[in-house]
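Below, each chain spelled out in residue letters.
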Amino acid sequence: MIAQNKNMLNHRSSMRSCCTGSEVTANVTNVIYHSHFFMYLLYLSEILPLEWLSVLNCYLIVICNPSIINPGPDMNANSLSIYYQNVQGLIPFSYLADENPKFDDTKICELQNFIFTSLPDIIILNETWLKPSINSSEIIPAHLYHTFRSDRSHNTHPRDYNNPKKFRENGGGVLISIRSNLSLMAKKIEIKCKAELLAVEITLEDKSKIIIVTCYRVGTLGVENANEIISAIKVLSRKKSIRKILLAGDLNLKGIDWENCVGKTNVENILLTGFAECGLVQCVRDATHNKGGILDVVLTSSVNSLDNLKVHKDKSYCNSDHFPITFDIKTIIKRIKIPKRKCYNYSKADWGALNREFTNIPWELILDCMDPESAWCNFSKILHYYMEKFVPKITVKNEHKPPWFDAECYQKCKEKEKLHKKSKNNKTLSNELKFKHCRKEFK
């Protein structure tokens, strides 16, 4: 055994001999030291045959230093990941006129599934169709993102009084959400603009600023709307300490030849000229709509800062006639470590004692002659008191996923995406029906 180890040490010494200068001396010294120590361990293994593996394992852990190989997650990133899509409404079309509309549950589930699994740093959505009565946290979790919105109104989408039915009063709407674990300051830029345009100013740790803009433009809008968009972008470009401006949105400019920067209509040429004056370059080159054409654009004042731009034609992050677009913004950004949280451990709860206490409570005396709001407050206080008493708590990682998003839901979503890709590549009635059936099961 000792002879074998001598051969191994000689082989190790020969490998180390490729180093030069002072490295050779240091390496030879280390080899001699470790060889003597290793032979001593072999001697111990003959005396203590039952423990020698544990001793060797401890020694290997010390000399390998796994913390160097796997130091843990890097809290400093070199880019911001962006997800953009025109989602074509998060509420059903038939509920557009309602002040308190219901959600399109399937779309909401699909969108949240993508958010919880991919966790993009910035989310940009067009055509949300949201109303003031809808809270942003109902769409995008508030503990993960800080959301800015601009819902359709008469200010952002003025009526044509000569033809009141020309433009749809409901619909539209834009949204920008930014991860809450990023070490930056984000604020909405208040700008007077008669267009569905939203701008958010991001201030990084080095005090430099990036402006994220999104704009949804209805294709039938004319010169006045185009001038409003360009005027707003010019105001933003003149702000101080701006490192770069990025605009992602559905501008419905299907007639523009982006390679040669030539439009077919007066409106398209006005917008092209305005973008050029602001130093913005359009980066999308693939069709963004299922009927063809580049309707969704990504314009930036710093082309070199964009990376990994991709139009996902084969994926259905959120069912829409527009394809999702993802890309990165190159910038050094620090991520804040999310602390652990405490939650109830229901598997260890004393359900018997809890039921006995609830049985002995005179609910009629406590809740009688109360309005529903007051009764609910009293009931909640009592429930919380006894939960603290009989249900222990445990400390867990601050998981991003909600309780309903379990393994079964995740697997069904993966199956849905697989069938969607198959139905796109092989457009048969059978594949389309399989995808629709799986989508209903996922919902």
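All values derive from a computational prediction rather than experimental measurement. (Residues numbered from 1 in each chain as written. Predicted model: local features only at pLDDT ≥ 70, side-chain atom pairs only at ≥ 80, totals over all residues. Heavy atoms only, no water.)

A separate point is the overall build of the protein. Of the regular secondary structure elements, the protein holds 12 helices and 14 strands. Taking all 443 residues of the protein together, 43% fall into the buried category. Here the contacts in the protein between residues at least 6 apart in sequence split such that 70% fall between residues at least 24 apart. About 25,600 Å² of surface is accessible on the protein, with carbon and sulfur atoms providing 54% of the total. (Helix = DSSP H or I, 4+ residues; strand = E, 2+ residues; numbered from the N terminus. Buried < 20%, exposed > 50% of the residue type's maximum accessible area, 1.4 Å probe, protein only. Contact = heavy atoms within 4.5 Å. Areas by Shrake-Rupley, 256 points an atom, 1.4 Å probe, with all protein chains shown as cover.)

Relative to each other, helix H8 (residues 351–359) and helix H10 (residues 372–390) sit at 150 degrees, their axes nearing to 10 Å. Accordingly, the angle class assigned to the pair H8 and H10 is roughly antiparallel. Read as a crossing pair, H8 and H10 show a hand that is right-handed. Taking contact as the criterion, the partners of Ala-353, Leu-354, Glu-357 and Phe-358 in H8 are, on H10, Leu-383, Tyr-386, Lys-389 and Phe-390. A breakdown of the residues in the contact of H8 with H10 according to their chemical character gives six nonpolar, no polar and two charged. (Axes fitted to C-alpha atoms, helices over the stretch in contact; angles between N-to-C directions. Parallel < 35°, antiparallel > 145°, perpendicular 65-115°, else oblique. Left-handed = near helix turned anticlockwise from the far one by under 90°. Nonpolar A, V, L, I, M, F, W, Y, C, P; charged D, E, K, R; others polar.)

Below, the discussion takes up the side chain of Asp-250. Note that Asp-250 resides in strand E8 (residues 242–250). No salt bridge forms around the buried Asp-250; measuring N to O, its nearest opposite-charge neighbour Arg-217 is 7.5 Å away. At 2.8 Å, the side chain of Asp-250 and the side chain of Asn-86 are in polar contact. Ignoring sequence-local partners within four residues, the contact set of Asp-250 consists of Tyr-84, Asn-86, Asn-126, Cys-215, Tyr-216, Arg-217, Leu-295, Asp-296 and His-322. (Lys, Arg positive; Asp, Glu negative; His and termini not counted. Salt bridge = Lys/Arg side-chain N within 4 Å of Asp/Glu carboxyl O. Polar contact = N/O pair within 3.5 Å; in protein donor to acceptor, adjacent residues only side chain to side chain.)

Locating Asp-328 in the fold gives a position in strand E12 (residues 325–334). There is no salt bridge for the buried Asp-328, and the closest opposite charge comes from Arg-335, which lies 8.1 Å off by N-O distance. Here Asn-308 takes part through its side chain, which lies 2.8 Å from a polar atom of the side chain of Asp-328. Setting aside anything within four residues of it in sequence, one finds Asp-328 in contact with Ser-79, Leu-80, Ser-81, Ile-82, Ser-305, Leu-306, Asp-307 and Asn-308.

With that settled, the discussion passes to the packing of aromatic side chains. This model, assessed by the stated rule, comprises 12 aromatic pairs. Ring geometry for Tyr-83 against Phe-114: centres 4.5 Å apart, planes inclined by 55 degrees, an arrangement best described as tilted. One end of the pair, Tyr-83, is in strand E1 (residues 76–86); the other, Phe-114, is in helix H5 (residues 105–118), and 31 residues separate them in sequence. Per residue, the accessibility class of Tyr-83 equals that of Phe-114, and both read buried. Grouping aromatic residues by their ring pairs yields a cluster made of Phe-358, Trp-363, Trp-376, Phe-379, Tyr-385, Tyr-386 and Phe-390. Over the ring of Tyr-145 we find Arg-179, and its NZ or CZ is 5.9 Å from the ring centre. The lysine or arginine in question, Lys-393, covers the ring of Tyr-344, its NZ or CZ lying 5.1 Å from the ring centre. (Phe/Tyr/Trp six-rings, centres within 6.5 Å; stacked < 30°, edge-to-face > 60°. Lys NZ or Arg CZ within 6 Å of the ring centre and 35° of its normal.)

This part takes up unusual backbone geometry. Positive phi, normally seen in glycine, also occurs at Leu-119, with a value near 50 degrees. Residue position: Leu-119 is located in the loop between H5 and strand E2 (122–126). A relative accessible area of 16% places Leu-119 in the buried class. At Asn-308, a residue that is not glycine, the phi angle is positive and equals roughly 60 degrees. Within the element layout of this structure, Asn-308 appears in strand E11 (residues 306–311).

Position of Leu-204 among the secondary structure elements: in the loop between strand E6 (196–203) and strand E7 (209–216). Look at Leu-204 and you get buried, because its relative accessible area is 5%. Separated by 19 residues in sequence, Leu-204 and Met-185 place their C-alpha atoms 6.7 Å apart. Residues contacting Leu-204, with those up to four places away along its chain left out, are Leu-184, Ile-210, Arg-243, Thr-331 and Ile-333.

Let us now look at the confidence of the model for the protein. Chain-level statistics for the protein give a pLDDT mean of 81 and a share of 78% at 70 or above. Ignoring residues within four places in sequence, the model shows residues 1–28, a span with pLDDT below 50, making 14 contacts including any to other chains. The model gives residues 67–73 a pLDDT under 50, and that stretch makes zero contacts with residues more than four places away or in other chains. (pLDDT = per-residue confidence, 0-100.)

Taken together, six strands build an open sheet; the order of strands is E5-E6-E7-E8-E10-E9 and the sheet is mixed. Only two strands of the sheet have a single neighbouring strand rather than two, namely strand E5 (185–188) and strand E9 (281–282). Relative to the sheet, helix H6 (residues 223–237) contacts E6, E7 and E8, its axis offset from that of E8 by approximately 155 degrees. (Pairing = 2+ DSSP bridges.)

What the rule picks out here adds up to 10 salt bridges. We note a salt bridge from Glu-201 to Lys-239, for which the minimum N-O separation is 3.8 Å. With Glu-201 in strand E6 and Lys-239 in the loop between H6 and E8, the pair connects residues that are 38 residues apart, well separated along the chain. Residues joined in a network through salt bridges with shared partners are Lys-187, Glu-201, Lys-209 and Lys-239.

This part covers the environment of Gln-85. Structurally, Gln-85 can be placed in strand E1. With 164 residues separating them in the primary sequence, Gln-85 and Gly-249 have C-alpha atoms 7.9 Å apart. A distance of 2.6 Å separates polar atoms of two side chains, one belonging to Gln-85 and the other to Tyr-83. Among the polar contacts listed, one links the side chain of Gln-85 to the backbone oxygen of Cys-318, at a separation of 3.0 Å.

Along an α-helix, residues three or four positions apart point the same way, because every turn accommodates 3.6 residues. Taking 1.5 Å of rise per residue, 14 residues should cover 20 Å, and H5 covers 20 Å from first to last C-alpha, within 8% of that figure. Of all 14 residues in H5, 11 are buried; the element is thus mostly enclosed. Of all the positions in H5, only Thr-106, Lys-107, Ile-108, Cys-109, Glu-110, Leu-111, Gln-112, Asn-113, Phe-114, Ile-115 and Phe-116 are classed as buried. Looking one or two residues beyond H5, the residue adopting positive phi is Leu-119, at roughly 50 degrees. (Expected span 1.5 Å × (residues − 1).)

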